[in-house]
Amino acid sequence: MMDKNVLWNLEKRVERTIKALQNNNMEAYYVSDEDELKNKLCELIKEDSTVSVGGSMTLFEAGIIEFLRSGKYKFLDRYEEGLTPEQVKNIYRQTFFADTYLSSSNAITEQGEIYNIDGNGNRVAAMIYGPDQVIIIVGVNKIVKDLKEGEERLERIASPINAKRLNKNTPCAKIGYCMDCNSEDRICCDYVVMKRQRTKGRIKVIIVGKELGY
Ligand code: SF4
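Here the structure is a predicted model, which is why all the values come from computation and not from measurement.

Enquirer: How would you sum up the packing of aromatic side chains? Please name residues and give values.
Expert: Scanning the entire structure with this criterion turns up two aromatic pairs. For the pair Phe67 and Tyr73, a centre-to-centre distance of 5.9 Å together with 55° between the ring planes defines the contact as tilted. Exposure class is identical for Phe67 and Tyr73. Each is buried. Lys40 extends its terminal NZ or CZ atom over the ring of Tyr29, reaching a point 4.1 Å from the ring centre.

Enquirer: Let's hear about the sheet that holds strand 7 (residues 133–139): which residues, and what values?
Expert: Taken together, six strands build an open sheet; the order of strands is 1-10-7-4-2-3 and the sheet is parallel. At either margin of the open sheet sits one strand with a lone partner, and together these are strand 1 (27–31) and strand 3 (74–76). For this sheet the average axis-to-axis angle between neighbouring strands, irrespective of direction, equals 20°. Pairing analysis gives three bridges linking strand 2 (residues 50–53) to strand 3, with the strands arranged parallel. In the sheet register, Ser52 faces strand 3, and the bridge partner there is Leu76.

Calculation criteria
Residues numbered from 1 in each chain as written. Predicted model: local features only at pLDDT ≥ 70, side-chain atom pairs only at ≥ 80, totals over all residues. Heavy atoms only, no water. Phe/Tyr/Trp six-rings, centres within 6.5 Å; stacked < 30°, edge-to-face > 60°. Buried < 20%, exposed > 50% of the residue type's maximum accessible area, 1.4 Å probe, protein only. Lys NZ or Arg CZ within 6 Å of the ring centre and 35° of its normal. Pairing = 2+ DSSP bridges. Helix = DSSP H or I, 4+ residues; strand = E, 2+ residues; numbered from the N terminus. Axes fitted to C-alpha atoms, helices over the stretch in contact; angles between N-to-C directions.

In structure tokens form, the structure reads like this:
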């Protein structure tokens, strides 16, 4: 059980972030756990519509990949076993026509910005343009004060952990922080800040009241 003053502080940060996202023409919601998250997704995603996902540990940890495999949706499952690289590439391209795209984010700022670094670019590309609806699911651990703090979070936490997880031959996977490397294996290529959404409501951010992903 979280200390009530710590919880109060966290709630204030979530409130500020939700307000700022709304000011930037995005919808934003808070849910306390995975069950509430799934209920929210049932509300937001039409049955039988096409759904695709961006690479994300959060979606696995929150049980969302399993949820999408339930048969309720036409799920473009990039994680299906046995897919060839060609088939995965095909799914990345089909994703631009999906009704809904689900992804997490590397950071969300209290100024209402969504900040991501991609290696391949397919995730940020679909977040920016293509799917009619983009739902971004983040744990409270992804909230940062501003872009500067977001950058630090990426350099000191998210990218080194991802490089380690993916077994990359990069300096960060050895020493635990970013060296802005020139490595062949570099996973940080596209640095994308989404400051505002032109189509009102296209982007919906769901903040879950727990730590998810990194
Ligand atoms: S730029 Fe290189 S060292 Fe820095 S986090 Fe990315 S992969 Fe690691």
